[in-house]
Amino acid sequence: ACESLQRGECDAAIAGGVNIYTHPSSYAALSAMRMLSPDGLCRSFGAGANGFVPGEGVAALILRPLKEARANGDRIHAVIKSTAVNHGGRTNGYTVPNPSAQADLVRDAMNKSQVRPDQISYVEAHGTGTALGDPIEISGLANAMGGHVQRETPCAIGSVKTNIGHLEAAAGIAGIIKVLLQMRYQQLVPSLHSDDPHPDIPFAYSGFKVQQALEDWTSPDGVLRAGVSSF
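Procedures and definitions
Residues numbered from 1 in each chain as written. Predicted model: local features only at pLDDT ≥ 70, side-chain atom pairs only at ≥ 80, totals over all residues. Heavy atoms only, no water. Helix = DSSP H or I, 4+ residues; strand = E, 2+ residues; numbered from the N terminus. Buried < 20%, exposed > 50% of the residue type's maximum accessible area, 1.4 Å probe, protein only. Lys, Arg positive; Asp, Glu negative; His and termini not counted. Salt bridge = Lys/Arg side-chain N within 4 Å of Asp/Glu carboxyl O. Polar contact = N/O pair within 3.5 Å; in protein donor to acceptor, adjacent residues only side chain to side chain. Contact = heavy atoms within 4.5 Å. Pairing = 2+ DSSP bridges. Axes fitted to C-alpha atoms, helices over the stretch in contact; angles between N-to-C directions.

## Looking at the side chain of D134
With respect to the helices and strands, the residue D134 is situated in helix α5 (residues 133-145). Within the buried set, D134 has no salt-bridge partner at all; the shortest N-O distance to an opposite charge, 8.7 Å, is to K161. For D134, the side chain forms a polar contact with the main-chain nitrogen of G129, separated by 3.2 Å. Residues in contact with D134, not counting those within four places in the same chain, are R43, S44, F45, A49, G127, T128, G129, H198 and I201.

## Some thoughts on the sheet that holds strand β8 (residues 226-228)
Pairing within the open sheet is parallel, and its four strands lie in the order β6-β4-β3-β8. Strands at the two margins of the open sheet, each flanked by one partner only, are β6 (208-210) and β8. Averaged over all neighbouring strand pairs, the angle between strand axes comes to 25°, with direction disregarded. Of the strand pairs in this sheet, strand β3 (residues 122-124) and strand β4 (residues 155-158) are connected by three bridges, and their pairing is parallel. In the strand pairing of β4, V123 is matched with I157.

## Some points on the environment of S44
Structurally, the position occupied by S44 is in the loop between α2 (25-32) and β2 (57-63). Take S44: its relative accessible area is 0%, and that puts it in the buried class. Considering only alpha carbons, one finds S44 and T95, 51 residues apart in sequence, at a separation of 14 Å. The contacts of S44, once residues within four sequence positions are left out, are G127, T128, G129, D134, S159, T162 and S194.

Here's what the structure looks like:
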C-alpha cells in the first residue's frame, strides 16, 4: 500500500489484516507441529518460552501521503518513513528463521528511512515466544542496528503477542496499532511474561531491553521513532 501511494497509483489506501479461525483444522495443525504454548502464555523474549498462543483479530489503517493528509485536515497518528520486505530463503525449518535475512531487511528499511539506529527508541518485535525464534530475532536486530556499540541506552523491545496472542495474518497490523497507541499516550507498555529474560539471549550486548514496566516514552529530540517487525 505504501509503495502504491509513493508511485502515485492511488490517493489513499486501506491496509490491514484479518485472522479468524473458522475451522478447528488450523488449531489441530499447529498443535501437531508443536508450535503452541502448552500453558497458554506467550513469553516473548522471556525464560521458558515454549510456543505461541493463537489469536483472532481484524484491523485496518487508512494511509495517505502526508502532504494530502495535512491539506485534508486528517487526524495523523504517525508517519511511515519506510517499509521493506524480503524472503528468508531455505532454513532448517518453519520455526527457525534466517537471522542474516532479517538483519538485511531491517537494515534496508532503516537505509530507506534515513533514520539512524540510535534514533529508534522502541521496536515492536515479531516475538512469538518460541525457544529458537526469539534469540534469532534479537540476533538479526542487533546485527542490523549495531548492538550496544552505538547506543547510550538500550532500545526498548516488546511484543503485543503477549497480550492478544499471535494473530498470524493480522499480527503485523496489531503491532503497528500498539505502536500508534504508545505514541498517542507517550508511554511504553510492558511486554508480559518476561520478568526473567530468555537465557539464550545476551541482552547486555544486544543493545535491547525487554520493556517490563509502564513508563513514559521520551526522546532527546522530542520525536518518537519505532520499528515494527512481522516475519
